[in-house]
Structure formats: structure tokens, C-alpha cells
Amino acid sequence: MSVKIKKVGNSNTLTVPNTIKPIAKEFDVFQGRDGVIVYVPKHKNPFHDEAFIKSHNLTQNEEFGGSLIGKEIPQN
């Protein structure tokens with residue numbers, strides 16, 4: 001199956017054939033160096049969502065113990 005680019009106003013448009021059932025309403029689009037056009041379903045970044053941040057403990061513990069190095073915040 002193939003589609004053609006159509007000019008609509010100042011944009012180029014690619015149609016989605018009926019045989020393809022999109023799983024999202026909004027997509028990010030990228031073009032590779034070899035000309036490949038990739039559409040990726042847009043997802044919210046949970047780390048920018050205040051409700052997600054408040055409902056999760058995002059602190060880290062030292063994996064192997066021992067003294068802290070760098071700028072870690074020790075937990076009492």
C-alpha cells in the first residue's frame with residue numbers, strides 16, 4: 001500500500017489508509033536522514049505531571065551502602 005503527499009494550504013499531508021487503525025489522536029513526527037517519516041503516538045511525560053510527582057516517591061537510596069559521594073541527600 002502506498003500514499004501520496006498532498007499539498008493543503010502551507011502543509012504537506014499524508015493520508016492514513018482505512019486498513020490502519022490509529023491508537024492515538026495525536027502523534028510526534030520525525031524524519032530520518034534516509035528520508036523515512038516516522039509517526040509516534042504522543043504520550044504525556046509523567047515526570048512533568050504534578051499529580052504523578054506528588055503520588056510517587058522519586059528519591060533514590062544508595063545501592064551498595066557506604067559513604068555518600070557527590071551531592072546526594074542522606075535520608076535519616
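These numbers were taken from a predicted model, which means no experiment stands behind them.

A. Structural context of the overall build of the protein chain. Broken down by element type, the protein chain carries one helix and four strands. Ordered by position from the N terminus, the helices and strands of the protein chain form the series β-β-β-β-α. Counting all 76 residues of the protein chain, 0% fall into the buried class. Contacts in the protein chain between residues far apart in sequence, at least 24 positions, make up 2% of those at least 6 positions apart. Of the roughly 7900 Å² of accessible surface on the protein chain, a fraction of 54% belongs to carbon and sulfur atoms.

B. Molecular detail of the layout of surface pockets. Estimates place the volume of the largest pocket at around 320 Å³. As for the largest pocket, its lining consists of Met 1, Ser 2, Val 3, Leu 14, Thr 15, Val 16, Pro 17, Ile 20, Pro 22, Phe 27 and Tyr 39. A class-by-class count of the residues in the lining of the largest pocket yields nine nonpolar, two polar and no charged.

C. Up close: the pattern of salt bridges. The full count for this structure, using the stated rule, is one salt bridge. Across the salt bridge formed by Lys 42 and Asp 28, the nearest N and O atoms sit 2.9 Å from each other. On the criterion of sequence distance, the pair formed by Lys 42 in the loop between strand E4 (37-41) and helix H1 (50-55) and Asp 28 in strand E3 (residues 27-31) is long-range, its members being 14 residues apart.

D. Here's a closer look at the pairing of E3. Note that E3 and E4 share five bridges and pair antiparallel. For Phe 27, the partnering residue across the bridge sits in E4 and is Pro 41. Between E3 and E4, which pair antiparallel and follow one another directly, the connecting turn spans five residues, one of which, Gly 35, has a positive phi of 90 degrees.

E. Structural context of a nonpolar patch on the surface. A grouping of Phe 27, Val 29, Ile 37 and Tyr 39 is seen on the molecular surface, where their side chains present a nonpolar patch of about 360 Å² in accessible area. Listing elements by their share of the nonpolar patch, those giving two or more residues are E3 and E4. Looking at the secondary structure, you find Phe 27 in strand E3.

Rules of the game
Residues numbered from 1 in each chain as written. Predicted model: local features only at pLDDT ≥ 70, side-chain atom pairs only at ≥ 80, totals over all residues. Heavy atoms only, no water. Helix = DSSP H or I, 4+ residues; strand = E, 2+ residues; numbered from the N terminus. Buried < 20%, exposed > 50% of the residue type's maximum accessible area, 1.4 Å probe, protein only. Contact = heavy atoms within 4.5 Å. Areas by Shrake-Rupley, 256 points an atom, 1.4 Å probe, with all protein chains shown as cover. 1 Å grid on protein atoms, 1.4 Å probe; cavity = no way out; pocket = protein on both sides within 12 Å on 5 of 7 lines; lining within 4 Å. Points joined across faces, edges and corners; volume = space filled by probe spheres on them. Nonpolar A, V, L, I, M, F, W, Y, C, P; charged D, E, K, R; others polar. Salt bridge = Lys/Arg side-chain N within 4 Å of Asp/Glu carboxyl O. Pairing = 2+ DSSP bridges. Patch = residues over 30% accessible without salt bridge, like charges linked within 9 Å, V, L, I, M, F, W, Y side chains within 5 Å.

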